[in-house]
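Per-entry structural report
Read off the chains here:
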Amino acid sequence: MINRRQFLNYSLALAGSSAFSRYGLALPSSFIPRNSAPLPPIDVSGARFPANFLWGSATASYQVEGAWQEDGRGPSIWDTFSQVGKTKGGDTGDVACDSYHRYKEDIAIMKQLNLKSARFSIGWPRIQPTGTGSVNQKGIDFYSRYVDALLEAGIRPMCTVFHWDLPQPLEDQGGWPNRDTYQHFAEYAGIVAKALGDRVTTWAIFNEPWVFTYLGYGIGIHAPGRKDPKLFLKAAHTVNLAQGEAFRAMKAVSSKAKIGSAFSMSPGAPQTDTEADRAAAERFHALNNDFFLHTAIHAEYPKAFVGDPPYEIMGVRPGDDKIMQAPLDWVGINYYQRTIVSNAPNIPYVQFNGEQGGEGPLTHFGWEVWPWGLYDIVTRISKEYKRPIIEITENGCSYTDGPLPSDPSKVPDPRRTEYYRGHLAELARAIKDGADVRGYHAWSLLDNYEWAEGYSQRFGLVYVDFREQNRTIKDSGLWYGRVAAANRLDV
């Protein structure tokens, strides 16, 4: 089963191509790189970060909370999708990390690791169980307690409004392909901003809109499991409308709100130095990295298509440009790996193909480790958007290291430490070269429910025993805590 982050960076190029065909995704022959040689050494001696740099971690509501039927929470599309066995091992998020009950323990770990920012998401079904109408006060109260606990620990709450758990009743009405959903979402966004906006000032509207629209509606490997390229196109447009409308709704009720979104991004390198491959890489960038950011800032879709864009299929109407516009206060970047792009005239609309690189070592998923890609995408976005405020909202890796049998209190995971060391060195280089990066959030604080992969992948700085729910800080987490305290990498 293919996980979201495999598509996030290299297969979103393929997502762009196959999304407009009648058939499913065909993975390239080089899906798993043949070369797994170690990376060359990266010098971290000069890697420094600005004063007041925000070291943080990230989680998402469905992936950690559990308590799926508690305190008035309604069903989400992920409850429905997972409970009918569509994920690896039939795993569900019914319990996940039980953070609904253990959030104080999790926040205590963040404080122990010297973190100053916590990216978390609100579960829409906890706030509006049917996606519309009356507010579930117990849901508001839970997130209010969570925010208060973060602030008491000296940690900034960074709140993501939507991290994929759409209320099932809205899906029953058509979900994201239904244009009406953008207005329902804006209402919900206004509710949470009004309830928490006196204490939460940093907001992300969406997490990875490319991923949840394509994987959920285009090829169906994520909730809600629908497989129709036209539905994907409609969903993508509805989400762009929702982003703009939510931005205005939140600003209207919270004057202190600084609002962005967390976008999945991957630098696209042309496979060859030919003009055709270079042009294909630019189309990839427009589709994969710019499709929701450019649209918000410039009130128009980027030049991602060859020939006439599929706007009629998407459901674009006159005046939609003004609805989609959202002068975001900051840009969130989720980075995992690069993409190698080639020209593909046989692919409708976009005429490019994308594959992951084959030079770096592999994570447990078989993803290439390529820290230089973080520098590339951060500096490009900085240049193209006139040096916006940037936060790294996700970056991380999956390895299966567990507690030592001889000492269960220790979890040595040197590969994860090296992964973070390399990527943070490249981020420091991007900052030195002029990018205005204010914070970094490791994905993830905890081993958690990894969507279609269930509990088979471990991204956490903290090891979670899913049977007993015990938490054990990994060596990488202890190292990250030292980095956060020193604001440099040579610790």
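Located above this text is the structure these notes cover.
These remarks concern the structure in this document. Note on numbering: residues in each chain are counted from 1, in written sequence order. Local features in a predicted model are, by the rule used here, given only for residues with pLDDT of at least 70; side-chain atom pairs are given and counted only at 80 or more, and totals for whole chains, interfaces and linings are based on all residues. As a rule here, side-chain values come from all non-hydrogen atoms in the structure, and water together with hydrogens is ignored.

A few points about the environment of Leu113
We count a stretch as a helix when DSSP gives it H or I for four or more residues in a row; a strand needs E for two or more, and each element gets its number in order from the N terminus. Positionally, Leu113 belongs in the loop between helix 4 (99-112) and strand 2 (117-121). Only protein chains enter the accessibility calculation, which uses a 1.4 Å probe; a residue is then buried when its area is under 20% of its type maximum, exposed when over 50%, and partly exposed in between. The exposure class assigned to Leu113 is buried, which follows from its relative accessible area of 2%. As a C-alpha pair, Leu113 and Trp479 span 366 residues in sequence and 8.8 Å in three-dimensional space. Setting aside its immediate chain neighbours within four residues, Leu113 contacts Ile473, Gly477, Leu478, Gly481 and Ala484. Here, two residues are considered to be in contact whenever any of their heavy atoms come within 4.5 Å of each other.

What to know about the side chain of Thr472
Examined against the element boundaries, Thr472 turns out to sit in strand 13 (residues 470-473). Here Thr472 is in contact with Pro408, Ser409, Val411, Val462 and Tyr463, once residues within four sequence places are set aside.

Things to note about the layout of surface pockets
A probe as big as a water molecule, rolled over the atoms, marks out the empty space that is left. Each pocket or cavity is described by its volume, and for the largest pocket that value is around 320 Å³. Around the largest pocket, the lining is made up of 17 residues, and of these Leu39, Pro361, Val369, Glu418 and Tyr419 lie nearest the centre. Of the residues belonging to the lining of the largest pocket, the class tally is 12 nonpolar, 2 polar and 3 charged. Put plainly, a pocket is an open set of points on a 1 Å grid over the protein atoms alone with protein on both sides within 12 Å along at least five of seven lines, a cavity is a set where a 1.4 Å probe fits but cannot get out, and a lining residue has an atom within 4 Å of a point. Grid points are joined across faces, edges and corners, and a volume is the space filled by probe spheres set on the points. Each residue is assigned to one of three groups, with Ala, Val, Leu, Ile, Met, Phe, Trp, Tyr, Cys and Pro labelled nonpolar, Asp, Glu, Lys and Arg labelled charged, and all others, Gly among them, labelled polar.

What about helix 16 (residues 414-432)?
Turn by turn, an α-helix covers 3.6 residues, leaving residues three or four places apart pointing in a common direction. To estimate how far a helix should extend, the number of its residues minus one is multiplied by 1.5 Å. The end-to-end C-alpha separation of helix 16 is 27 Å, in line with the 27 Å expected for 19 residues at 1.5 Å each. Gly434 sits one or two positions beyond helix 16 and adopts a positive phi of about 115°.

Examining the sheet that holds strand 6 (residues 268-270)
What holds strands together in a sheet is hydrogen bonding between their backbones, with the strands either parallel or antiparallel. A pair of strands is labelled paired if DSSP reports no fewer than 2 bridges between them. Within the open sheet, the 3 strands sit side by side as 6-8-9. Their pairing is mixed. Two strands bound the open sheet, and with one partner strand each, they are strand 6 and strand 9 (352-355). Averaged over all pairs of adjacent strands, the angle between their axes in this sheet comes to 35°, without regard to strand direction. Here 3 bridges tie strand 6 to strand 8 (residues 339-343), and the two strands are oriented parallel to one another. Across the sheet, Ala269 pairs through a bridge with Ile340, a residue of strand 8. Fitting a line to C-alpha atoms yields each axis, with helices limited to the stretch in contact; the angle taken between N-to-C directions then spans 0 to 180 degrees. Contacts from helix 11 (residues 275-289) reach strand 6, strand 8 and strand 9, with the element oriented near 125° to strand 8.

Considering the pattern of salt bridges
Each salt bridge in this description consists of a side-chain nitrogen of Lys or Arg and a carboxyl oxygen of Asp or Glu lying within 4 Å of one another. What the rule picks out here adds up to 28 salt bridges. Residue Glu394 is joined to Arg119 by a salt bridge in which the shortest nitrogen-to-oxygen separation is 3.3 Å. In this pair, Glu394 is assigned in strand 10 (residues 389-394) and Arg119 in strand 2, connecting sequence segments 275 residues apart. Salt-bridge contacts for Glu368 lead to Arg338; the nearest nitrogen and oxygen are separated by 2.9 Å. Of this pair, Glu368 sits in the loop between strand 9 and helix 15 (372-384) while Arg338 sits in the loop between strand 7 (331-335) and strand 8; the two residues are 30 residues apart in sequence, bridging distant segments of the chain. Judged by its relative accessible area of 1%, Glu368 is buried. On the basis of relative accessibility, which here comes to 9%, the residue Arg338 falls in the buried class. Several salt bridges share partner residues, and in doing so they unite Arg48, Arg488 and Asp490 into one network.

Things to note about the packing of helix 4 against helix 6 (residues 137-152)
It is at 10 Å that the axes of helix 4 and helix 6 come closest, and there the two elements cross at 15°. Here helix 4 lies roughly parallel to helix 6, going by the angle between them. Between helix 4 and helix 6 lies a crossing whose hand is right-handed. The residues of helix 6 that touch helix 4, namely those facing Ser99, Tyr100, Tyr103, Ile107 and Met110, are Phe142, Arg145, Tyr146, Ala149 and Leu150. Broken down by class, the residue content of the contact of helix 4 with helix 6 amounts to 8 nonpolar, 1 polar and 1 charged. When an angle is under 35 degrees it counts as roughly parallel; over 145 it counts as roughly antiparallel; between 65 and 115 it counts as roughly perpendicular; any other value is oblique. In this scheme the crossing of two helices becomes right-handed for a clockwise turn of the near helix relative to the far one and left-handed for an anticlockwise turn of less than a right angle.

Comments concerning empty space enclosed by the protein
Counted by the stated rule, this structure contains 4 cavities of 30 Å³ or more. Space inside the largest cavity adds up to approximately 140 Å³. Going through the elements one at a time, helix 2 (61-64), helix 4, strand 2 and helix 6 are the ones with two or more residues in the lining of the largest cavity. The leading source of residues in the lining of the largest cavity is helix 4, at 4 residues. Looking at the lining of the largest cavity residue by residue, the class counts come to 10 nonpolar, 4 polar and 2 charged.

Re helix 6
A rise of 1.5 Å per residue sets the reference length of helix 6, with its 16 residues, at 22 Å; its end C-alpha atoms lie 22 Å apart and thus fit the reference within 8%. Gly139, Ile140, Phe142, Tyr143, Ser144, Tyr146, Val147, Ala149 and Leu150 are the residues of helix 6 that are buried. Buried residues along helix 6 sit against helix 2, helix 4, strand 2, helix 5 (124-127), strand 3 (156-162) and helix 8 (181-196). Following helix 6 by one or two positions, Gly154 adopts a phi angle in the positive range, close to 75°.

Quick word on the side chain of Ser117
Mapped onto the elements, Ser117 comes out in strand 2. Setting aside residues up to four positions removed in sequence, Ser117 forms contacts with Leu54, Trp55, Gly56, Ser57, Ile155, Arg156, Met158 and His441.

A closer look at the sheet that holds strand 5 (residues 258-265)
The strand order around the closed barrel built from 8 strands is 1-2-3-4-5-7-10-11, with neighbouring strands paired in parallel fashion. Averaged over all neighbouring strand pairs, the angle between strand axes comes to 25°, with direction disregarded. Of the pairings in the sheet, the one linking strand 10 to strand 11 (residues 436-443) comprises 4 bridges and is parallel in character. Residue pairing across strands places Glu391 opposite Gly439, the latter belonging to strand 11. Strands strand 1 (54-58) and strand 11 of the sheet are contacted by helix 17 (residues 475-486), whose axis makes an angle of about 150° with strand 1.

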